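# Fold and contact review
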Amino acid sequence: MRALRLHGVGGEVVLRLDDDAPVPVPGAGEVLLAVRACGINRVDLLTRDRQTPASIPLPHVSGTEVAGDIVAVGPGVTDWAPGEAVVVDPILHCGRCSFCERGATNMCLKGRVYGVQTHGGYAEYAVAPAKQLIRLPSNLTCLEAASMAVTGPTAWHMLRRRADLQPGEDVLIVAAGSGIGVIGMQIAALTGARVIATAGSEDKLRKAQELGAHAVVNHREEDWPDQVRKLTGGRGVNVVFEHVGAATWRGSLQALARTGRLVTCGGHAGFTVDMNLWQLFVKEHTILGSFAATRQDFLDVMRMAREGRLRPAIQGVFPLERVGDAQAMLEDRQVFGKLMIDPTLAPARGAA
Ligand code: ZN
């Protein structure tokens, strides 16, 4: 099969489209999928750049956000059959440890991320554990469902489970044009919060307003935290939705009201930040880490998507040949929403 595989990580990147990669064989409890859609996620870049903690066997097939059609089932799989269209919940969990027992499947002691610690969807075929599947929501295409498979549940977990966002609160969505930002804005608005969004271009700010942001601020302007404070009558926002890291961290804290909560799920612009502890305790700020999403978060988001309450935002769909270009666009922040792969596309038909 055709698969885009990493043959080296860190230093010199070797991402190569192989025509002769073996079609994976589903083991016990697994299915084989014909991949119809795979999202390009920043974690793929972290894997490529050897910034994920676990080492991975090479060659590696990235791709955590996957939807496709079942073409074969492994031993012991009785509740799925070839021909069914499915989405993969990428947060793999054991179902038996103390965290899984209480539903915190994202904290599983044996947890792994599909497409990071396993092979994923940058290929024509992929295997996935049967217990991680859900049926493709009927009103969504594979591309649409896959585009929300990580960003949707992650944003839901951040805002609803961790920050406990309430109706009427002010929330700042940092880098609202990112894949997670476009869903975070929608979830915040659905919760009944007042959404202030930041982005780095006028075009992205306009699109953020179309997706439900009540006010927008350009985070390329030096005084953006002050602008956010002004929009809240000088008080600051109740909740900051962070996923950028070092580049925005200080501004995000400046924009946060007394007793406010900052929730973060990432730091691709730098994982190490400095903090003024005086500001932290005097203002009684709460800093919340948030990792991926639980199984229940995944089910909740896919249900909302099926009900038409969350809208996918896809900027471009690429064939496997052009994934390198798409990854470069993501790194250059030229993206509003998600960049997707359709492995069935012929090279010329990919469009940004
Ligand atoms: Zn577990």
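Preceding block: the structure.
Residues numbered from 1 in each chain as written. Predicted model: local features only at pLDDT ≥ 70, side-chain atom pairs only at ≥ 80, totals over all residues. Heavy atoms only, no water.

Moving on, we come to the pattern of salt bridges. One side chain can pair with another of opposite charge once the charged atoms of both are near each other. Counted under the stated rule, the structure contains 23 salt bridges. Here D49 ties to R48 by a salt bridge, and the two come within 2.9 Å at their closest N and O atoms. Across the salt bridge formed by E210 and R206, the nearest N and O atoms sit 3.1 Å from each other. In this pair, E210 and R206 both sit in helix α6 (residues 202–210), four residues apart, roughly one turn of the helix. Sharing partners across several salt bridges, the network here consists of R161, D297, D300, R303, E307 and R309. (Salt bridge = Lys/Arg side-chain N within 4 Å of Asp/Glu carboxyl O. Helix = DSSP H or I, 4+ residues; strand = E, 2+ residues; numbered from the N terminus.)

Quick look at empty space enclosed by the protein now. All told, the structure shown has one cavity of 30 Å³ or more when counted by the stated rule. There is about 50 Å³ of room inside the largest cavity. Lining the largest cavity are D89, P90, I91, A149, V150, P153, T154, A292, A293 and F298. Looking at the lining of the largest cavity, its residues break down into eight nonpolar, one polar and one charged. (1 Å grid on protein atoms, 1.4 Å probe; cavity = no way out; pocket = protein on both sides within 12 Å on 5 of 7 lines; lining within 4 Å. Points joined across faces, edges and corners; volume = space filled by probe spheres on them. Nonpolar A, V, L, I, M, F, W, Y, C, P; charged D, E, K, R; others polar.)

What follows concerns a negative patch on the surface. Taken together, the side chains of E202, E221, E222, D223 and D226 present a region of like negative charge at the surface. In this structure D223 comes out as partly exposed when scored by relative accessible area, which is 33%. (Patch = residues over 30% accessible without salt bridge, like charges linked within 9 Å, V, L, I, M, F, W, Y side chains within 5 Å. Areas by Shrake-Rupley, 256 points an atom, 1.4 Å probe, with all protein chains shown as cover. Lys, Arg positive; Asp, Glu negative; His and termini not counted. Charge placed at Lys NZ, Arg CZ, Asp CG, Glu CD. Buried < 20%, exposed > 50% of the residue type's maximum accessible area, 1.4 Å probe, protein only.)

Turning to the coordination of the zinc ion, a few remarks are in order. Distances from the zinc ion to its protein donors, namely C94 (SG), C97 (SG), C100 (SG) and C108 (SG), fall within the range 2.3 to 2.4 Å. Each of the four donor atoms bound to the zinc ion contributes to angles spanning 101 to 117°, and the resulting shape is tetrahedral. Positions of the donor residues of the zinc ion, expressed as sequence spacing, correspond to C-x2-C-x2-C-x7-C. Of this pair, C97 sits in the loop between β6 (91–92) and α2 (98–101) while C108 is found in the loop between α2 and β7 (112–113), placing the two residues eleven residues apart along the sequence. Judged on exposure class, the residue C97 and its partner C108 are both buried. (Donors = N, O, S within 2.8 Å, 3.2 Å for Na, K, Ca; no water. Tetrahedral: all angles 85-135°; square planar, octahedral: opposite > 155°, others 65-115°.)

Helical geometry: 3.6 residues make up each α-helical turn, so side chains three or four residues apart lie on a common side. Residues of helix α11 (residues 323–331) that are buried include every one of V323, A326, Q327, M329 and L330, and no others. Along the axis of α11, the buried residues cluster in a sector spanning 155°; they form a single face. Buried residues along α11 sit against β1 (3–8), β2 (14–18), α1 (42–48), β16 (314–318) and β17 (338–341). Positive phi shows up at R333, right after α11, with a value of about 55°. (Arc of directions from axis to C-beta. Contact = heavy atoms within 4.5 Å.)

A few words now on unusual backbone geometry. Backbone torsion omega between L58 and P59 reads -5°, so that peptide bond is classified as cis. Residues other than glycine seldom take positive phi values, yet R50 does so here, at roughly 55°. By the secondary structure assignment, R50 is in the loop between α1 and β4 (65–73). Within the chain, T259 stands out as a residue other than glycine whose phi angle is a positive 65°. The residue T259 is located in strand β14 (residues 256–264) in this model.

Counting 46 residues, the largest nonpolar core has V87, L159, V171, I173 and M185 as its most contacted members. By size, the runner-up hydrophobic cluster in this structure holds 34 residues, among which are L45, V86, L133 and L339. (Core = buried A, V, L, I, M, F, W, Y, C linked by side-chain atoms within 4.5 Å.)

For T198, the location among the structural elements is in strand β11 (residues 194–199). With sequence-adjacent residues up to four places away left out, T198 is seen in contact with L172, I173, V174, A175, A176, G177, L205, V217, H219 and W224.

This part takes up the state of the cysteines. Taken as a whole, this structure holds zero disulfides when the rule is applied. The thiol of C142 is unpaired, and the distance to the nearest cysteine sulfur, on C38, comes to 12 Å. The class of C142 is buried, set by a relative accessible area of 13%. (Disulfide = S-S within 2.5 Å.)

Here we take up the packing of helix α4 (residues 151–162) against helix α10 (residues 295–306). For the pair α4 and α10, interaxial distance at closest approach is 9 Å and the crossing angle is 110°. Considered as vectors, α4 and α10 are oriented roughly perpendicular to each other. Between α4 and α10, the residues in contact are G152, P153, W156, H157 and R161 and Q296, D297, F298, D300, V301 and M304, respectively. Grouping the amino acids of the contact of α4 with α10 by side-chain chemistry returns five nonpolar, three polar and three charged. (Axes fitted to C-alpha atoms, helices over the stretch in contact; angles between N-to-C directions. Parallel < 35°, antiparallel > 145°, perpendicular 65-115°, else oblique.)

Topologically, G168 is positioned in the loop between α4 and β10 (170–173). Remark: the alpha-carbon pair of G168 and L339, spanning 171 residues in sequence, is separated by 32 Å. When near neighbours in sequence (up to four residues on either side) are disregarded, G168 contacts G192 and A193.

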